[in-house]
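Below are the chains, spelled out letter by letter.
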Amino acid sequence: MNAKTAASPKPLPGAKAPALAGKPEGRLDWRSCLHWLLEDGLIDQEQVLRTEARFAAGDSALHPLVRLGHANLVRLANGKPLDVDALTEWLASRARMPYLRIDPLKVDVGRVGDVMSIGYAEAKRCLPVQFGITEVTIATSEPFDTAWVAQIESHVRKPVKLVVANPLDVARFTTEFFTLARSVRAAVKAGEQSQIASFEQLVELGKSNKALDANDQGVVQVVDWLWQYAFDQRASDIHLEPRREMGLIRFRIDGVLHTVYQLPPTVLAAMTSRIKLLGRMDVVEKRRPLDGRIKTRNPAGEEVEMRLSTLPTAFGEKMVMRIFDPDTAVKDLSMLGFTPHDAERWENLVKQPHGIILVTGPTGSGKTTTLYSTLKRLATDEVNVCTIEDPIEMIEPSFNQTQVQPQLDFSFAEGLRALMRQDPDIIMVGEIRDLETAEMAIQASLTGHLVFSTLHTNDSASAITRLTDLGVPSYLISATVIGILAQRLVRTLCAHCKVPDPNVTRDGLNDMLKHWRLGGGVRPYKPVGCLECRNTGFRGRAGLYELLTVSESIKAAMHPSPDMPTLRRHAVQEGMRPLRLGGAMKIAEGLTTLEEVLRSTPTWGD
């Protein structure tokens, strides 16, 4: 994992070319920085006098850039505030060094201690961030204090490349990185993992088979760091993956996996045991898959649900933790990505007193988010909302939630049969997997209940053929199913770095939008990559939706068997917009790219 730095420093807008005659040496002080800002034309004499009067009372332990960042200085050229980030970038330009905003995902945290101690890093206000074959890159907030560089070069036997970073980031990550590395070393010293759970038996003479204690303080600290770090990085899933030589920690962010950290297998196994313990799972059982859940709090103090799943692999027990956004159940339809057209049709559909509403799409397409958000709004004091799930995704106090338990012969069908005797108004079935579950859902609908469920199909119309393939007669489908929503998630472009894409042919997209009477004016953009999006070009995801409402003409197309071309044609006439058209609208708004839409959506008729 390598830290990316700017190729060359660029002067800030409104700044004069920095004059470096007689380059300063030693620690920064706020007076020198203030007068350099005046020399470079970023501030005027009035701001200098005002700041000097404000700071005249005495010195401060704060870094000079941090202190000036709180002085309400503004850039003369455009009136924008000179905060700590802006001041750091200016200082890098003046010192003729690259500016770096530290991205913790791109730093090999385990190696920082190989370069220097935490005491040395704190004293010199620097932090190792990149460990190349030919050089070591060190971030510093004191670009003119470089007497120590020769000592580090002698220690690591490589040249040192200095980059300038925000002093607040340097201080924060110095504490975090060295604390984590110390916790990992402490966990390693606590013992070694027994190899019983591994497919490959490796016998090393003279080594102990003592297993790490899941409650060891080092392990506890590493697990705490892992969760807080995942919340801070907006991860949706955490993967703990045992490998032959090293264990991997990976985060899924905006649908893409990022390798975060490598750990000795002993520590990874101890972390897995610690998390299983907290999730009330069988810590001893490592031969079969297990499920669990944990509720904790993120740095903002909000409760966060995490669903745990383990799987035996060749090199030990793999664990995946799915993190559920605490705001999921309160998101409105526009935040989920619904267009006003589809939002209005969906709201009208879910207000029906009875019938079956299906949500379809592959795993990870946001079906759970859509269902929970919808049910949350429907779960008023006047209705009884019951769910049967496998497993319960998120605990929601306004629902009555039940989990299937196959080991007790308590399946979706059995759970649905039991729910029918609980006086429900609205029922959510996690998934229709077989004919028995489908028949029970139909029975619930026919007896006056509103039933929500999910299927795995390519588009909304295919859900009808899927029910037919399960063995449900077409006359029962037409009598009970009132709407089908297909959905996908696409990554959205980073607002900080996206640029117009002249290579995308606008004519085809414009023609598509005009054909659907949605106007033209396509503004295609392409990803670039910046510090805000970790050089991916994307930040966040949005939903694409295809809503089929079952009308009389669509019911007619189901008999005697579903006629898919006719069914799709009638659905479009009734107001359905295909998934790919929804993607074209997102491209037209400059929210995503053509490649992202083509990757995520099926072609019409697939």
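Rules used throughout
- Throughout, a residue's number is its position along its own chain's written sequence, starting from 1.
- It should be noted that, the model being predicted, local features are given only for residues of pLDDT at least 70 and side-chain atom pairs only at 80 or more, the latter also being counted only at that level, while totals for whole chains, interfaces and linings use all residues.
- Based on all heavy atoms of the structure, the side-chain values leave hydrogens and waters out of the count.
- By the criteria applied, helices consist of DSSP H or I runs no shorter than four residues and strands consist of E runs no shorter than two, each listed in order from the N terminus.
- Only protein chains enter the area calculation, which uses a 1.4 Å probe; residues under 20% of their type maximum are buried, those over 50% are exposed, and those in between are partly exposed.
- In this analysis, two residues are considered to be in contact whenever any of their non-hydrogen atoms come within 4.5 Å of each other.
- UniProt positions are given in the numbering used here, feature names are shortened, and annotations may be inferred rather than shown by experiment.
- Two strands make a pair as long as DSSP finds a minimum of two bridges between them.
- Convention adopted: a line fitted to C-alpha atoms gives each axis, helices being fitted over their contacting stretch, and angles between N-to-C directions are expressed from 0 to 180 degrees.
- Looking down the strands as they point away from the viewer, one classifies a crossover as right-handed if the path from the first strand across the helix to the second runs clockwise.
- We call a set of buried Ala, Val, Leu, Ile, Met, Phe, Trp, Tyr and Cys residues a nonpolar core when their side-chain atoms join them within 4.5 Å.
- Salt bridge, as used here: a side-chain nitrogen of Lys or Arg that lies within 4 Å of a carboxyl oxygen of Asp or Glu.

In this structure, what is going on with the overall build of the chain? I would like to understand it.
Across its full length, the chain carries 22 helices and 18 strands. Per-residue burial for the chain yields a buried fraction of 51% across its 606 residues. Across the chain, the fraction of contacts at a sequence separation of at least 24, relative to all contacts at a separation of at least 6, is 65%.

I tried to follow the UniProt feature "domain: Bacterial type II secretion system protein E" (unreviewed entry) in the chain on my own but got confused; where do I start?
When the UniProt feature table is mapped to this numbering, "domain: Bacterial type II secretion system protein E" (unreviewed entry) covers residues 420-434. Secondary structure across residues 420-434 divides into 0% helix and 27% strand, with the first and last C-alpha atoms of the span separated by 18 Å.

Before we go on, may I ask you to explain the sheet that holds strand 4 (residues 237-242) in this structure?
Strand pairing within a sheet occurs via backbone hydrogen bonds; the two strands may be parallel or antiparallel. Taken in spatial order, the six strands line up as 6-5-4-9-8-7 in an open sheet, and their pairing is antiparallel. Each edge of the open sheet carries a strand with a single partner, namely strand 6 (256-263) and strand 7 (290-297). The sheet shows a mean angle of 20° between the axes of neighbouring strands, direction not considered. Sheet analysis places strand 4 next to strand 5 (residues 247-253), joined by six bridges and oriented antiparallel. Following the sheet pairing, His 239 is matched in strand 5 by Arg 250. Contacts between helix 9 (residues 217-232) and the sheet are confined to strand 4, strand 5, strand 6, strand 7, strand 8 (303-313) and strand 9 (316-324), with strand 5 contributing the most and set at about 25° to the helix. In the packing of helix 10 (residues 265-278) onto the sheet, the strands contacted are strand 4, strand 5, strand 6, strand 7, strand 8 and strand 9, and the crossing angle to strand 9 comes to about 50°.

I would appreciate a short explanation of the pairing of strand 13 (residues 426-429) in the present structure.
Consecutive residues of a regular strand have side chains that alternate between opposite faces of the sheet. Every second residue of strand 13 is oriented toward a common face, with Ile 426 and Met 428 on one face and Ile 427 and Val 429 on the other, all of them buried. As paired strands, strand 13 and strand 14 (residues 450-455) are joined by four bridges and run parallel to one another. Bridge assignment links Ile 426 to a residue of strand 14, and that residue is Leu 450. The parallel pair strand 13 and strand 14 is bridged by helix 15 (residues 435-446), and the resulting crossover is right-handed.

Is there a simple way to think about the nonpolar core in this case?
Nonpolar side chains in soluble globular proteins tend to end up buried together. Counting 89 residues, the largest nonpolar core has Ile 102, Met 116, Ile 138, Leu 226, Trp 227, Ile 249 and Phe 251 as the members making the most contacts within it. Looking at which element gives the most residues to this core, the answer is helix 9, with nine residues. With residues near it in sequence (within four places) discarded, Met 116 still touches Ala 121, Cys 126, Pro 128, Ile 138, Trp 148, Ile 152 and Phe 178. Within the second largest apolar cluster, 36 residues are counted, among which are Ile 427, Ile 432, Met 440 and Leu 455.

Which parts of the structure should I look at to understand the side chain of Ser 141?
Checked against the element boundaries, Ser 141 lands in the loop between strand 2 (136-140) and helix 7 (149-156). Overall, Ser 141 belongs to the buried group, its relative accessible area being 2%. Excluding residues that lie within four positions of it along the chain, Ser 141 makes contacts with Leu 28, His 63, Arg 125, Ala 165 and Pro 167.

What's the story with the pattern of salt bridges in this structure? I'm lost.
Two side chains carrying opposite charge are able to pair once their charged atoms lie near each other. This model, assessed by the stated rule, comprises 29 salt bridges. Note that Asp 254 and Arg 234 form a salt bridge whose closest N and O atoms lie 3.2 Å from each other. Residue Asp 254 is located in the loop between strand 5 and strand 6, and its partner Arg 234 is located in the loop between helix 9 and strand 4; the two are separated by 20 residues in the primary sequence. We classify Asp 254 as buried; its relative accessible area is 12%. The exposure class assigned to Arg 234 is partly exposed, which follows from its relative accessible area of 32%. Its salt-bridge partner being Arg 322, residue Asp 237 comes within 3.0 Å of it at the nearest N-O pair. One end of the pair, Asp 237, is in strand 4; the other, Arg 322, is in strand 9, with 85 residues separating them in the sequence. Taking the relative accessible area as the measure of exposure, Asp 237 reaches 5% and is therefore buried. Through salt bridges with shared partners, a single network forms among Arg 293, Lys 295, Arg 297, Glu 303 and Glu 305.

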